[in-house]
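What follows is the residue order along each chain.
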Amino acid sequence: MNKFFVDRGGTFTDIVAVVSDGAIIKQLSQKKEQYLIVPLPKKQWIVVYKLLSENPERYEDAVIQGIRNILCLADNQSIPTEKIEVVKMGTTVATNALLERKGDRTVLLITKGFKDALRIGYQNRPNIFARQIILPSMLYELVIEVEERYNSNGNELIPVKPEQVRQDLQQVYEQEIRSCAIVFMHSYRYPNHENKVAEIAQNLGFTQISISHQVSPLMKLVSRGDTTVVDAYLSPILRRYVDQVSSQLPNTKLMFMKSDGGLIDAHKFQGKDSILSGPAGGIVGAVQTSLRAGFKAIITFDMGGTSTDVAHFQGEYERQLDNEIAGARMRVPVLSIHTVAAGGGSILQFDGASFKVGPESAGANPGPACYRRGGPLAVTDANVMLGKIQPQYFPNIFGKEGNLPLNKEIVNAYFIELYQEIYQGTNQQNTPEEIAAGFIKIAVEDMANAIKKISLQRGYDVTNYALCTFGGAGGQVACLIADTLGIKSVFLHPYAGVLSAYGMGLADIRVIKESAMEKPLNKDLVSELKLVINQLENQARQELDEHESIKGEKIVTKVSLKYQGTDSTLLVDFAEDVRVMQESFAEEHQLRYGFTQPQKLLILESISVEIIQIMDSPDEPFITRTRPLDQLPKPIEIVPVFTDNKWQDTPIFQREDLQPQDNIEGPAIIVEKISTIMVEPHWNAKLTEHNHLILSKKDDY
């Protein structure tokens, strides 16, 4: 049985397959330029494959096409699903719908008097000096004010009027709106009115009904309402995509990655859980492979075609509850990932006075100029110009037919044009390669600043961390990023170019359930918390598949604490001894904010229970050395590379030619089927027996 782990990104779709059919491997071996094939124990193989996410001339859906290609099927041949054990995937479908505002038409039902509550929000100013405030567009199209009300103690002040609600919803239904978000005051604790209105909507034929006490059962009307609207807006898009994939893979176990780093059955996948689906797979892959390599403190660095995602790990996955993505606020636990609009496809611009990188991206179509589809200059082109990307070692998947190499000539021509434009505008005579290096420096600073936000600004010294680099473009700038931050070690997994996809296969099934509390933390509260924990655990188990094959189970309970009179909460582990929770909070507060307030009362805002079903995951490859220790690998070619402000003769090595204990001094290029690694001057690269590549800064630099 074969397993497929997929990350459908904005530019490329990455697929990592665990194949147990030798006949398939024999056929794929004849196309070695397209597939990376790694043998595993027990007569299994890892197959790594990349294809463009959008190529309408050649295929309708990249995921299905990738699976077909790996199974060596003709275009008109049906997929033999009996040979597929599971497909685990992350997708940007919902993220793109949110960014482009292409979700389903949605109506908001909210307590009368609060029609504009979500529009007003918290009245915070993201840019305090902006003279013109541009509010994000609301995701809901219409608002129905429902005359109903509970007070905070659960007393019904105004009952629901079913006939009026039915009449209002019927008018909306006749406008062909089929998605509704129901958000009432205090419903996180008293949900009766929401349930009554949801039943009316269901009877009228609404196909998506998101109810706030189910979507986000926490305090704060605005954030609970925003989350519910996002869920109603995106869930139908997801459902259609899941149905589309399922129709091509009938009777196949299909699982999706959630934003919190856990897997879930495809038909339970909701809009609110999908926003960071792809990046979450990358974090899981980076953390799990780094732990296997012996690193405990990790900065994950995922540089793709459109953006770069970074995250911090020191013992456990970090999550955040309050998020704002693409102008939409959400209050659901997601992995703490910081994204910056700098990737391989980020467009290079000169505005007459200064250089600018991004935030606009060339994407997959047309892509950077070197993709042969008429695209603009991008970060990838700058690395081609500097010689850090050698077209002859990239797969021939470009041009309209998808069979040509990267175009270096057009890149040279564009940079010469840019050189002439800069000279005419500023009278500065920087060479084309110096211009390209300047753009790379700006992109590196943008990405390094993103890492500082999740580490240095939160009290972590990253100089003793490992930079786990992945994504198709990560290896090209890893040393430069590490130099900027003072990091001494860079870790590159053999599947670094597709680690987000590999992470789908390393992830576990996770279900998180939360409950609002808002009570002072004291000994008397502990017995009540235990009852709530049992209730939440029972709720979580209802969403788990009891028949799932798992290696073990783990339950994690967290409490969200804050000082009385403040609004900033911190997550700590639940303990029956109140003093343990108080001390944990004080330590975290000191680290995050630099002070504590021991005289203040602690308020327990909410409690969460996470059940983790530990899944079986692929083994790491193991390689042995066959060459004598004193015999170094031979470069396949020596090329000029512009690095350290000058052209330097740089050897190129193929990663499959390297063996454990091989030590390569920079500058050097290590090429793989799925990425290119630039070892900068003053850095060394060493291979381990698990085919892990460790880059280390020389001690005297």
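What you see is a predicted model; the values in this text were computed from it and never measured. (Residues numbered from 1 in each chain as written. Predicted model: local features only at pLDDT ≥ 70, side-chain atom pairs only at ≥ 80, totals over all residues. Heavy atoms only, no water.)

Observations regarding the sheet that holds strand β33 (residues 693-697)
And step 1. One open sheet accounts for eight strands, arranged β18-β15-β14-β21-β22-β33-β32-β29; its pairing is mixed. This sheet does not close on itself; its edge strands, each paired only once, are β18 (338-340) and β29 (663-665). Within the sheet, the average angular offset between the axes of one strand and its neighbour, ignoring direction, is 20°.
And step 2. Of the pairings in the sheet, the one linking strand β22 (residues 489-492) to β33 comprises four bridges and is antiparallel in character. Residue serine 489 lies in a different strand from β33, and its bridge partner there is serine 696. (Pairing = 2+ DSSP bridges. Helix = DSSP H or I, 4+ residues; strand = E, 2+ residues; numbered from the N terminus. Axes fitted to C-alpha atoms, helices over the stretch in contact; angles between N-to-C directions.)

Considerations on the sheet that holds strand β7 (residues 142-146)
And step 1. Spatial strand order, β7-β6-β10-β11: four strands in an open sheet with parallel pairing. Here the strands that pair on one side only, and so sit at the sheet edges, are β7 and β11 (208-211). Sheet twist, expressed as the average angle between the axes of neighbouring strands with direction ignored, equals 20°.
And step 2. Relative to β11, strand β10 (residues 179-183) runs parallel, the two sharing four bridges. Looking at β11, one finds that cysteine 180 is bridged to isoleucine 209.

Digging into the pairing of β22
And step 1. Where strand β21 (residues 466-470) lies against β22, three bridges are found, and the strand directions are parallel. Each residue of the ladder has a partner; that of leucine 467, found in β22, is valine 490.
And step 2. Once you follow β21 into helix α13 (residues 474-485) and on to β22, the crossover reads as right-handed. (Right-handed = clockwise from strand over helix to strand, strands pointing away.)

Observations regarding the pairing of β10
And step 1. The buried fraction of β10 amounts to five of the five residues, a majority that puts the element mostly inside the structure.
And step 2. Side-chain alternation along β10 places Ser179, Ala181 and Val183 on one buried face and Cys180 and Ile182 on a second face that is also buried.
And step 3. As paired elements, strand β6 (residues 106-111) and β10 share five bridges and run parallel to each other. Along β10, the bridge assignment pairs valine 107 with cysteine 180.
And step 4. Crossover β10 to β11 through helix α6 (residues 192-204) is right-handed. (Buried < 20%, exposed > 50% of the residue type's maximum accessible area, 1.4 Å probe, protein only.)

A closer look at the UniProt feature "domain: Hydantoinase A/oxoprolinase" (unreviewed entry) in the protein chain
And step 1. As recorded in UniProt, the sites labelled "domain: Hydantoinase A/oxoprolinase" (unreviewed entry) are residues 224-511.
And step 2. Span residues 224-511 is 39% helix and 22% strand, its end C-alpha atoms 19 Å apart. (UniProt positions renumbered as here; feature names shortened; annotations may be inferred.)

Regarding the domain arrangement of the protein chain
And step 1. Looking at the protein chain, the domain boundaries give domain 1 (2-98), domain 2 (103-239), domain 3 (346-442) and domain 4 (508-615).
And step 2. Look at where the C-alpha atoms of domain 1 and domain 3 centre, and you get two points 30 Å apart.
And step 3. Listed as interface residues are seven residues of domain 1 and, on the opposing side, eight residues of domain 3.
And step 4. With both chains or domains summed, domain 1 and domain 3 bury close to 740 Å², and 56% of this area falls on carbon and sulfur atoms.
And step 5. It is Thr11, Phe12 and Leu52 in domain 1 that bury the most area against domain 3; as a group they hold 43% of the surface buried on that side.
And step 6. Applying the counting rule to domain 1 against domain 3 returns one salt bridge. (Domains from an automatic or database assignment. Contact = heavy atoms within 4.5 Å. Buried area = accessible area lost by both parts, 1.4 Å probe. Salt bridge = Lys/Arg side-chain N within 4 Å of Asp/Glu carboxyl O.)

Concerning the packing of helix α10 (residues 379-386) against helix α12 (residues 432-454)
And step 1. The N-to-C vectors of α10 and α12 enclose an angle of 135°; their axes lie 9 Å apart at closest approach. Between α10 and α12, the interaxial angle falls into the category oblique. As for the relative orientation of α10 and α12, their crossing is left-handed in sense. Taking contact as the criterion, the partners of Val379, Ala382, Asn383, Met385 and Leu386 in α10 are, on α12, Pro432, Glu433, Ala436, Ala437, Ile440 and Ala443.
And step 2. Looking at the contact of α10 with α12 residue by residue, the class counts come to nine nonpolar, one polar and one charged. (Parallel < 35°, antiparallel > 145°, perpendicular 65-115°, else oblique. Left-handed = near helix turned anticlockwise from the far one by under 90°. Nonpolar A, V, L, I, M, F, W, Y, C, P; charged D, E, K, R; others polar.)

A word on unusual backbone geometry
And step 1. In this chain, glycine 666 is followed by proline 667 through a cis amide linkage whose omega measures 5°.
And step 2. In this fold, proline 667 is placed in the loop between β29 and β30 (668-671).
And step 3. A positive phi angle, close to 65°, is found at asparagine 645, a residue other than glycine.
And step 4. Assignment of secondary structure puts asparagine 645 in the loop between β27 (637-643) and β28 (646-654).

Looking at the packing of aromatic side chains
And step 1. Summed over all chains, the structure comprises 13 aromatic pairs.
And step 2. Plain terms: the ring middles of tyrosine 173 and phenylalanine 206 are 5.5 Å apart, the flat faces sit at 65° to each other, and that makes the pair edge-to-face. One end of the pair, tyrosine 173, is in helix α5 (residues 162-174); the other, phenylalanine 206, is in the loop between α6 and β11, with 33 residues separating them in the sequence.
And step 3. Ring centres 5.4 Å apart and planes at 70° place the aromatic pair phenylalanine 642 and tryptophan 647 in the edge-to-face group.
And step 4. Feature note: the residues Phe350, Phe355 and Phe439 constitute an aromatic cluster, connected by ring pairs.
And step 5. The cationic tip of lysine 50 hangs over the ring face of phenylalanine 12; the distance from NZ or CZ to the ring centre is 5.1 Å. (Phe/Tyr/Trp six-rings, centres within 6.5 Å; stacked < 30°, edge-to-face > 60°. Lys NZ or Arg CZ within 6 Å of the ring centre and 35° of its normal.)

Focus on the pattern of salt bridges
And step 1. Tallying each qualifying case throughout the model produces 35 salt bridges.
And step 2. A salt bridge links lysine 519 to glutamate 528; the nearest nitrogen and oxygen atoms lie 2.6 Å apart.
And step 3. With relative accessibility at 30%, the residue lysine 519 sits in the partly exposed group.
And step 4. With its nearest N and O atoms 3.2 Å apart, the salt bridge here joins glutamate 537 to arginine 541. Within this pair, glutamate 537 and its partner arginine 541 are both found in helix α15 (residues 523-542), separated by four residues, close to a single helical turn.
And step 5. Among the ionic contacts, a cluster of salt bridges with common partners joins Asp322, Arg331, Glu518, Lys562 and Glu605.

Topic: the side chain of serine 187
And step 1. Topologically, serine 187 is positioned in the loop between β10 and α6.
And step 2. Among the polar contacts made by the side chain of serine 187, one reaches the side chain of arginine 224 at a distance of 2.7 Å.
And step 3. Every residue in contact with serine 187, bar those within four places of it in the chain, is listed here: Glu194, Ser212, His213 and Arg224. (Polar contact = N/O pair within 3.5 Å; in protein donor to acceptor, adjacent residues only side chain to side chain.)

What about helix α14 (residues 499-506)?
And step 1. Counting buried positions along α14 yields eight of eight residues, so the element is predominantly enclosed.
And step 2. Inspection of α14 places Leu499, Ser500, Ala501, Tyr502, Gly503, Met504, Gly505 and Leu506 among the buried residues, and these make up the whole buried set.

With respect to the nonpolar core
And step 1. Ranked by internal contacts, the top residues of the largest apolar core, which has 176 residues, are Ile70, Phe415 and Leu695.
And step 2. For this core, the element with the most residues is helix α8 (residues 221-248), which contributes twelve residues.
And step 3. Those residues in contact with phenylalanine 415 that sit more than four places away from it in its chain are Leu348, Leu377, Asp381, Ala382, Met385, Pro432, Ile435, Ala436 and Phe439.
And step 4. With 22 residues, the next largest nonpolar core counts Val532, Leu570, Ala575 and Val578 among its residues. (Core = buried A, V, L, I, M, F, W, Y, C linked by side-chain atoms within 4.5 Å.)

Here we look at helix α16 (residues 578-593)
And step 1. Look at α16: 22 Å from first C-alpha to last across 16 residues, which is about the 22 Å you get at 1.5 Å a residue.
And step 2. Looking only at α16, the buried set comprises Val578, Met581, Phe585 and His589. Buried residues in α16, looked at end-on, bunch into an arc of 65°, giving them a common side. Exposed side chains of α16 directed beyond 90 degrees from the buried face belong to Arg579, Glu583 and Glu587.
And step 3. Each element contacted by the buried residues of α16 is listed here: α15, β24 (552-563), β25 (570-573) and β26 (602-614).
And step 4. The N-cap residue of α16 is aspartate 577: its side-chain oxygen and the backbone nitrogen of arginine 579 are 3.0 Å apart.
And step 5. At the exit of α16 stands glycine 594, carrying a positive phi of roughly 85°. (Expected span 1.5 Å × (residues − 1). Arc of directions from axis to C-beta.)

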